[in-house]
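Tertiary structure, described
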Amino acid sequence: MAYRFGLLGYPLTYSLSPLIHRVFLEESGLQGSYELLPIAVDERTEERLRAAFEKMRQGEYDGLNVTIPHKQAVKPLLDVLDNKARTVGAVNTIYRNGQALFGTNTDVEGFLLDVGQKISLAQGGTALILGAGGAARAVAYGLLGSGWHVWIAARRPQQAEQIVRDLASSESFQGEASARMRAYSFHELDFVRAGVENLRLVVNATPLGTKGLEDGSPLPPEIKFPQDACFYDLVYNPPETTFLRQAREQGHEAWNGFGMLIQQAALAFECWTGYKMTVTAEIESKIIARIQQSHD
Ligand code: NAP
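Summary of the structure given here. Note that the structure is a prediction, hence the values are computed from the model and not measured.

Within the chain, the secondary structure is distributed over nine helices and twelve strands. Since a compact globule built from 296 residues should have a radius of gyration of about 19 Å, the 19 Å found for the chain is in line with a globular shape. With respect to the principal axes defined by its C-alpha atoms, the chain has extents near 60 × 45 × 40 Å. The contacts in the chain between residues at least 6 apart in sequence include a share of 69% that link residues at least 24 apart. Surface summary for the chain: the accessible area is close to 13,600 Å², and the carbon and sulfur share equals 49%. Mean positive and mean negative side-chain charge positions of the chain (28 and 34 charges, respectively) differ by 2 Å.

Laid out in structure tokens, this is it:
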């Protein structure tokens, strides 16, 4: 059997997903393909998403990924959302059971798997998440589930407050998480200057720093963070962002979101094929080599 996977989003020109899944197919010995399915936002978006889902129901696709700008829009078009996708409010992976389509969110575990290789998650602590969109929700969900305290700062503080309310009232945490969350506006980040006990992780969950926004960073340059805080940028293209540079210049350890990208893809691959794709250093190197070849 040859699997057929696809990615719904727009624009998809720079997507690394086909290349990553090609490596997974080779590593697993499974046959298959991964297609880009660009769907722009216009009056026909819902019709096109529904058409792709109908093909999947009929067995034409074995798995679909969803990326910006459709991660929220696909929710009402699916038959079942798991707890994670419901609480996070975004779907990035769709799989089929019979003719029913299920939505899940592999960004949550993708983030935890990658960060967990860099710092001890079991030790707990406080994380500051900058940005309050879909990815911030996934990161907050994962860290709360790992016992962490989570502070979310956004340029529109009501967006951060909404995440706190949604997670606090979700089935996954049954109310116990509200005492472990706080919402801030970017303008209030001064509090960090006073020294924050146990602030172990600062996460950029805004698109600032990504291609086209290279000079941007959500970190106010004047703020000094506790010396043992680590920094994680969900942005991975370019690999070195302004956020990472700022952190390293202050002597902090800092990583980009490339590892998370591969881990979330591996989890989607497992979801569709049942094959447990463990991301080894060799697999990561192979993916990096393929990216370099594609630029030559
Ligand atoms: P999103 O839902 O659009 O949310 C983006 C958040 O950033 C929103 O809170 C937005 O605030 C804020 N923001 C945008 N521009 C800003 C600016 N100029 N200044 C301050 N805040 C700004 O996007 P997302 O899905 O959460 O993705 C966020 C980033 O994470 C993207 O770059 C995405 O590619 C990356 N990501 C990486 C991975 C990975 O595997 N490494 C996975 C998921 C996402 P407003 O609502 O006020 O605009």
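The next thing to look at is helix α7 (residues 242-249). By the burial criterion, the buried members of α7 are Thr242, Phe243, Leu244, Gln246 and Ala247. On its buried face, α7 is in contact with β7 (126-130), β10 (199-204), β11 (230-233) and β12 (254-256). Once α7 finishes, Gly251 follows within two positions and takes phi at roughly 90°, a positive value.

Moving on: the site of the ligand. With respect to spatial proximity, 22 residues lie near the ligand, and among them Ala132, Ala135, Arg155, Arg156 and Gln159 are the closest. At 3.1 Å from an oxygen atom of the ligand is found a main-chain nitrogen or oxygen belonging to Gly134. A distance of 2.9 Å separates an oxygen atom of the ligand from a polar side-chain atom of Gln159. If the ligand stood free it would expose 930 Å²; the protein chains cover 77% of that surface. Those elements that place two or more of their residues in the shell around the ligand are α5 (134-145) and α8 (258-273). When grouped by side-chain class, the residues that make up the shell around the ligand number twelve nonpolar, six polar and four charged. Shared between two domains, the shell around the ligand holds at least three residues of each, these being domain 1 (2-106 + 259-295) and domain 2 (119-252).

Turning to the packing of aromatic side chains, a few remarks are in order. Aromatic ring pairs are reported here in terms of the distance separating the ring centres and the angle at which the planes meet. All told, the structure shown has eleven aromatic pairs when counted by the stated rule. Here a set of aromatic residues connected by ring pairs shows up, and it is made of Tyr3, Phe5, Phe24, Phe269, Trp272 and Tyr275.

As a further point, take the pairing of strand β1 (residues 2-9). By the criterion of burial, β1 is predominantly enclosed, with six of the eight residues buried. Two elements, β1 and strand β2 (residues 31-38), share eight bridges in a ladder whose sense is parallel. Among the inter-strand pairings, Phe5 is bridged to a residue of β2, identified as Tyr34. The β-α-β motif built from β1, the intervening helix α1 (residues 17-28) and the parallel element β2 has right-handed crossover chirality. As defined by bridge partners, β1 adjoins strand β3 (residues 63-66) across four bridges and the pair is classed as parallel. Bridging across to β3, Gly6 finds its partner in Leu64.

With respect to the helices and strands, His70 occurs in the loop between β3 and β4 (80-81). C-alpha of His70 to C-alpha of Ala90: the two residues are 20 residues apart in sequence and 8.6 Å apart in space. In this view, His70 contacts Leu8, Gly9, Ile39, Ala40, Val41, Thr45 and Leu49; residues no more than four positions away in its chain are not counted. Polar contacts involving the side chain of His70 include one to the main-chain carbonyl oxygen of Ile39, which spans 2.6 Å.

A word on the pairing of β11. Alternating positions in β11 separate into two faces, Cys230 and Tyr232 on one and Phe231 and Asp233 on the other, with burial throughout. Relative to β11, β10 runs parallel, the two sharing four bridges. Bridge pairing links Val202 to Phe231 in β11. Pairing of β11 with β12, which is carried by three bridges, proceeds in the parallel orientation. Opposite Asp233, over in β12, you have Asn256 as the bridge partner. In this view, the connection linking β11 to its parallel neighbour β12 by way of α7 has right-handed handedness.

So, on to the environment of Pro218. You can see Pro218 is positioned in the loop between β10 and β11. Taking C-alpha positions, Pro218 is 29 Å from Gln292, a pair spaced 74 residues apart along the chain. Ignoring anything within four residues of it in the chain, the contact list for Pro218 reads Leu130, Phe186, Asn204, Thr206, Leu208 and Phe243.

Cut-offs used in this document
Counting starts from 1 at the beginning of each chain's written sequence and moves along it residue by residue. Where totals are concerned, whole chains, interfaces and linings use all residues; where local detail is concerned, this predicted model gives features only for residues with pLDDT of at least 70, and gives and counts side-chain atom pairs only at 80 or more. With hydrogens and water stripped out, all remaining heavy atoms of the structure feed into the side-chain values. By the criteria applied, helices consist of DSSP H or I runs no shorter than four residues and strands consist of E runs no shorter than two, each listed in order from the N terminus. Computation of the radius of gyration draws on C-alpha atoms alone. For the globule rule, the value is 2.2 Å times the number of residues to the power 0.38. Note on contacts: a residue pair is in contact if any heavy atoms of the two residues lie within 4.5 Å. Each accessible area value is a Shrake-Rupley result obtained with a 1.4 Å probe; residue values ignore everything except the protein chains displayed when judging cover. Positive charges come from Lys and Arg alone, negative charges from Asp and Glu alone, with His and the N- and C-terminal ends not counted. For charged residues, the charge sits on one atom: NZ in Lys, CZ in Arg, CG in Asp, CD in Glu. Accessibility here uses a 1.4 Å probe with only protein chains present; expressed as a share of the type maximum, an area under 20% marks a residue as buried, one over 50% as exposed, and anything in between as partly exposed. A cutoff of 4 Å decides nearness: a residue is near a molecule or strand if any of its heavy atoms lies inside that distance of it. Polar contact is the term for a pair of N or O atoms within 3.5 Å; when the atoms are in protein, one must be able to donate a hydrogen and the other to accept it, and sequence-neighboring residues count only if both atoms are side-chain atoms. As a working rule, the residues Ala, Val, Leu, Ile, Met, Phe, Trp, Tyr, Cys and Pro are called nonpolar, Asp, Glu, Lys and Arg charged, and the rest polar, with Gly in that last group. The domain limits used here are those given by an automatic or database domain assignment. Note on ring pairs: Phe, Tyr and Trp rings are taken, using the six-membered ring of Trp, and paired if centres are within 6.5 Å. Classes follow the plane angle, with under 30 degrees stacked, over 60 edge-to-face and the rest tilted. Strands pair, by our definition, only if DSSP identifies at least two bridges between them. By convention, a crossover is right-handed whenever its connection, traced from the first strand over the helix to the second and viewed with the strands pointing away, goes clockwise.

These figures come from the coordinates and say nothing about function on their own.
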